[in-house]
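Here is how the chains run, residue by residue.
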Amino acid sequence: MHDPYDVIIVGAGIGGLCAAIQAASDGARTLLLEKGERYGGSTRMAGGAFAFAGTDLQQRAGIDDSAERLAADLIKVGRSLNDPALVQTFAGRQLEACRWLLGLGLSFHTVALSGGQSVPRNHSLNPVAMLDTLHRRAIDAGVAYRSAAPVARLVAERGPRGARVTGVELADGGRIPARGGVILATGGFSRNMDLVMRFAPHLRNALPMGGPHNTGDGLRMAWALGADLLDMGQVKGTFGVPTGTPLPGCEDEAPKLISAMYKGAVIVNGQGRRFVDESVSYKLIGDRCLEQPDAKAFQLFDASVMAQSSEMPTVSDYRRALRTGLLVEATTIDDLAVRIGVDAATLAQTIDRYNRACDGELPDEFGRTSLGTGFGKPRRIETAPFHALACTTGLTSTYCGLKTDTTARVVDVFGDLIAGLYAVGEIMGGFHGEAYMSGSSLAKAVVFARIAAADAARAAATAA
């Protein structure tokens, strides 16, 4: 048995790091445990975008946004299957969370439109640099950090009204008590095929991605104590994972995810035909892609979209995709079709019909009327050079999991709280509903990590 801590946090991605900083800042003796050799988890692979509303950056860009509009977008994308209390809590606290991150020394480079947003609200930064900053702030705040320290079980006391979590048991058998509570920030289960087949078998052909240690550990630990689960049937893959092989020496530099459709690209299958409204969430597009031959599609765009390439967020770095050999370039649509192995006549017909719809000559065959969720107008694909990216659907995340209240406290299958247990980040269920609005994952992790940490720190102070 190790000496007790006030708050123990399991998982050192963005949720775990933010929870650790908040708990330590509130005076709690805090321990942050990481399963892997380095902190970061899936956050290292993220595009670095945060969905914040009403920020100074938006105002300077002339973008009219608000907490109310953000909440409405989340509910719309989630098809009203979200827990409205979680959404409202997030919307009410997100601007404060943005300013908190800025106060830690972070800065957002751009604000852009992405999936599920009715106005541009993705605030972007370099995710690796962000993690390094957050880790330094945690250490400076007095957080005890241990890597390569996997947690095997939650230590709990059983009572007539359910369980009370009192600490954690490490894989080496050591037990560490927690006075105020344990915060699970362990991510999802994208790397655990058994859980994928159990909860999301429709994604068995999606490319496994996400953090290398996203094997559902926290989910199973809480599940063993009777935790309720939400949104398990709503798990979706992410469209835009390149299938091509980067040029030699460019493997680490090549983008892991590209989203050009919200800047004006169209999406066609291997037969050269569109199959989806490109303005919807890339999670919904991901479902449709898995239905195509070989689960493969192409994002196709012209020079006007390439001109919008930006280093941040990384999903918009089209020039890097071209430089690393993932993008195919051609001077004509016919030549592009030949280079990607698509029937030239069919692709030409597809682009012609799309352009005529952009001109208002006929309705779009899939109902596309905007670049993304009502914002912006689709533009003709007509200016050389033309580009195509072969891509598929990847299982980057599993936005489902433990049922919580608005303080991120975990609820069991009978509706009772599991005392002393919190869940933040990807492992939290109930927030996204049927689909996912871009940028909401990282932002959600920050908001509820701070809420959970503050509550756990107060509980520890009361216990003392």
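Because the structure is predicted, anything quoted here is derived from the model rather than measured.

Asker: Just to check I follow, could you spell out unusual backbone geometry for this structure?
Answerer: A negative phi angle is the norm for most residues apart from glycine, just as the trans form is the norm for most peptide bonds. Omega for the peptide link from M312 to P313 comes to -5°, which places this bond in the cis form. With respect to the secondary-structure elements, P313 resides in the loop between α9 (303-306) and α10 (318-323). That bond from A384 to P385 is cis: its omega, 0°, falls within 30 degrees of zero. With respect to the helices and strands, the residue P385 is situated in the loop between α12 (344-358) and β16 (386-395). We note that S80 has phi near 65°; this positive angle belongs to a residue other than glycine. Tracing the sequence through the fold places S80 in the loop between α3 (67-77) and α4 (84-103). Its relative accessible area of 56% is what places S80 among the exposed residues. For D231, which is not glycine, the phi torsion reads 65° and is therefore positive.

Asker: Before we go on, may I ask you to explain the packing of α4 against helix α13 (residues 440-463) in this structure?
Answerer: To characterise two packed helices, one gives the angle between the axes of the helices and the distance between these axes. Relative orientation of the contacting elements α4 and α13 amounts to 90°, with a least axis distance of 8 Å. By the angle class used here, α4 and α13 are roughly perpendicular. Here α4 contributes L86, T89, F90, R93, Q94, E96, A97, W100 and L101 to the contact with α13, which in turn contributes A443, K444, V446, V447, F448, R450 and I451. In terms of residue class, the contact of α4 with α13 is made up of 10 nonpolar, 2 polar and 4 charged.

Asker: Even after reading the chapter, I still don't get the environment of T332, so can you show me in this structure?
Answerer: Tracing the chain through its elements places T332 in the loop between β15 (327-330) and α11 (333-340). Along the sequence, T332 and T398 sit 66 residues apart, while their C-alpha atoms lie 39 Å from each other. Side-chain polar atoms of T332 contact the backbone nitrogen of D335, separated by 3.0 Å.

Asker: What am I meant to see in the pattern of salt bridges here?
Answerer: Side-chain pairs of opposite charge can arise whenever the charged atoms involved come near each other. By the definition in use, this model includes 22 salt bridges. The salt bridge partner of D217 is K35, with a shortest N-O separation of 2.8 Å. Pair noted here: D217 is in helix α7 (residues 217-223) and K35 is in the loop between β2 (30-33) and β3 (49-51), with a separation of 182 residues, a long-range link. Connected via shared salt-bridge partners are R274, E278, D364 and R368.

Asker: What is the right way to look at helix α1 (residues 14-25) in this model?
Answerer: Counting along an α-helix, one turn takes 3.6 residues, and residues three or four places apart therefore face a common direction. If you check α1, its first and last C-alpha atoms are 16 Å apart, about what 12 residues at 1.5 Å a residue would give, namely 16 Å. Burial in α1 covers these residues: I14, G15, G16, L17, C18, A19, A20, I21, Q22, A23 and A24. G27 occupies a position one or two residues after α1 and carries a positive phi of about 90°.

Asker: Sorry, what's going on with the pairing of strand β9 (residues 175-184) here?
Answerer: In regular strands, side chains alternate between the two faces of the sheet. Burial analysis of β9 places 7 of its 10 residues in the buried class, which makes it a mostly covered element. Pairing of strand β1 (residues 5-10) with β9 involves 5 bridges; the strand directions are parallel. In the strand pairing of β9, V7 is matched with G181. The pairing of strand β8 (residues 162-170) with β9 spans 3 bridges and is antiparallel. By the bridge assignment for β9, E169 is matched with R175. As consecutive antiparallel partners, β8 and β9 are separated by 4 residues, and within that stretch G173 has a phi angle of approximately 95°, a positive value. Where β9 and strand β19 (residues 417-423) come together, 3 bridges link them in parallel fashion. Bridge assignment links V182 to a residue of β19, and that residue is L421.

Reading guide: rules and limits
- Residues numbered from 1 in each chain as written.
- Predicted model: local features only at pLDDT ≥ 70, side-chain atom pairs only at ≥ 80, totals over all residues.
- Heavy atoms only, no water.
- Helix = DSSP H or I, 4+ residues; strand = E, 2+ residues; numbered from the N terminus.
- Buried < 20%, exposed > 50% of the residue type's maximum accessible area, 1.4 Å probe, protein only.
- Axes fitted to C-alpha atoms, helices over the stretch in contact; angles between N-to-C directions.
- Parallel < 35°, antiparallel > 145°, perpendicular 65-115°, else oblique.
- Contact = heavy atoms within 4.5 Å.
- Nonpolar A, V, L, I, M, F, W, Y, C, P; charged D, E, K, R; others polar.
- Polar contact = N/O pair within 3.5 Å; in protein donor to acceptor, adjacent residues only side chain to side chain.
- Salt bridge = Lys/Arg side-chain N within 4 Å of Asp/Glu carboxyl O.
- Expected span 1.5 Å × (residues − 1).
- Pairing = 2+ DSSP bridges.

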